[in-house]
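Spelled out from the first residue to the last, the chains are:
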Amino acid sequence: MIIAIDGPAASGKGTLAKRIAAHFGLRRLDTGLLYRAVARAVLESGGDVEDPGHRRDAAKRLDAAALRDEAALRQPGVGEAASIVAADPEVRSAVLAFQRDFAAVPPGAVLDGRDIGTVVCPCADAKLFVTASAEARAERRWREMVAGGSDAAPEQVLADIRRRDARDTSRAVSPLRPADDAHLLDTTDLDIEAAFRAAVDLISGSQ
Ligand code: C5P
């Protein structure tokens, strides 16, 4: 069983993916971490994510060990750099095999990202596209950051979310968009519990 969950930054898809995987007894892959790991490898080696040679080399060398240090991968600067490397078709094809191999291991998996339902697992058993308004997503992201000790300004967080949305939806390869057969789940006015129940109902209805 493969469940594809896509959506923009801070839509709640990561938290949902984790709970859905536990509920259905499946493994879970946060595919954003793969692009973050590529971006971090470039930054750590003193390279430039705008340089195609640097990011493509890093993508070819990607392995599972690079995903272990999740806290470092979640730094805001790494997310921004990840959305730059993710617009490169060669980076995307290097990362594609990793994702498909993960999904192929029985009993299956929940993968969350931007192009799981459209490109990585077009034959997934169930597809969700999780959205929320940019303002609601920015507020959630800001609260998380403040809880983590950051003094980021709310307007800055909203501007970052908008810039990332624009880059993710407008790129030529695998832009962020719902698959034709995806269920849309708008979490703007839902708490995590309500969103989880709605997601389980939609997935169970797809079987
Ligand atoms: O979801 P997260 O914020 O960790 O993703 C970081 C960046 O990686 C996104 O802004 C997006 O550009 C890219 N990404 C992608 N395709 C995916 C997952 C993430 O392009 N399947």
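Residues numbered from 1 in each chain as written. Predicted model: local features only at pLDDT ≥ 70, side-chain atom pairs only at ≥ 80, totals over all residues. Heavy atoms only, no water.

Draft legend 1. Structural detail: the overall build of the chain. Counting its secondary structure elements, the chain contains 10 helices and 5 strands. Here the C-alpha atoms of the chain give a radius of gyration of 16 Å, agreeing with the 17 Å that 2.2 N^0.38 yields for 207 residues. For the chain, the spread of C-alpha atoms along the three principal axes comes to 50 × 40 × 30 Å. Across the chain, the fraction of contacts at a sequence separation of at least 24, relative to all contacts at a separation of at least 6, is 76%. The averaged location of the 32 negative side-chain charges in the chain is 2 Å from the averaged location of its 28 positive side-chain charges. (Helix = DSSP H or I, 4+ residues; strand = E, 2+ residues; numbered from the N terminus. Rg over C-alpha atoms; globule rule 2.2 N^0.38 Å. Contact = heavy atoms within 4.5 Å. Lys, Arg positive; Asp, Glu negative; His and termini not counted. Charge placed at Lys NZ, Arg CZ, Asp CG, Glu CD.)

Draft legend 2. Inspection of unusual backbone geometry at higher detail. Omega for the bond connecting proline 106 with proline 107 falls within 30 degrees of zero, at 5°, which places this linkage in the cis form. For proline 107, the position within the fold is in the loop between helix H6 (89-104) and strand S3 (109-113). If you check the backbone angles, alanine 10 has positive phi at about 60° while not being a glycine. Mapped onto the secondary structure, alanine 10 falls in the loop between strand S1 (2-6) and helix H1 (13-24). Exposure remark for alanine 10: the relative accessible area of 13% places this residue in the buried category. (Buried < 20%, exposed > 50% of the residue type's maximum accessible area, 1.4 Å probe, protein only.)

Draft legend 3. Quick look at the packing of helix H3 (residues 52-60) against H6. Contact pair H3 / H6: the axes reach a minimum separation of 9 Å and the direction vectors enclose 5°. The angle between H3 and H6 falls in the class roughly parallel. For the pair H3 and H6, contact is made by Arg55, Arg56 and Ala59 and by Glu90, Val91 and Ala94, respectively. For the contact of H3 with H6, a count of residues per class yields 3 nonpolar, no polar and 3 charged. (Axes fitted to C-alpha atoms, helices over the stretch in contact; angles between N-to-C directions. Parallel < 35°, antiparallel > 145°, perpendicular 65-115°, else oblique. Nonpolar A, V, L, I, M, F, W, Y, C, P; charged D, E, K, R; others polar.)

Draft legend 4. Expanded view of the UniProt feature "binding site: ATP" (unreviewed entry) in the chain. Under the present numbering, the feature "binding site: ATP" (unreviewed entry) in UniProt falls on Gly7, Pro8, Ala9, Ala10, Ser11, Gly12, Lys13, Gly14 and Thr15. Cross-referencing the annotated residues with the lining of the largest pocket gives Pro8, Ala9, Ala10, Ser11, Gly12, Lys13, Gly14 and Thr15. Given the relative accessible area of 25%, glycine 12 is considered partly exposed. Counting through the fold element by element, threonine 15 comes out in helix H1. (UniProt positions renumbered as here; feature names shortened; annotations may be inferred. 1 Å grid on protein atoms, 1.4 Å probe; cavity = no way out; pocket = protein on both sides within 12 Å on 5 of 7 lines; lining within 4 Å.)

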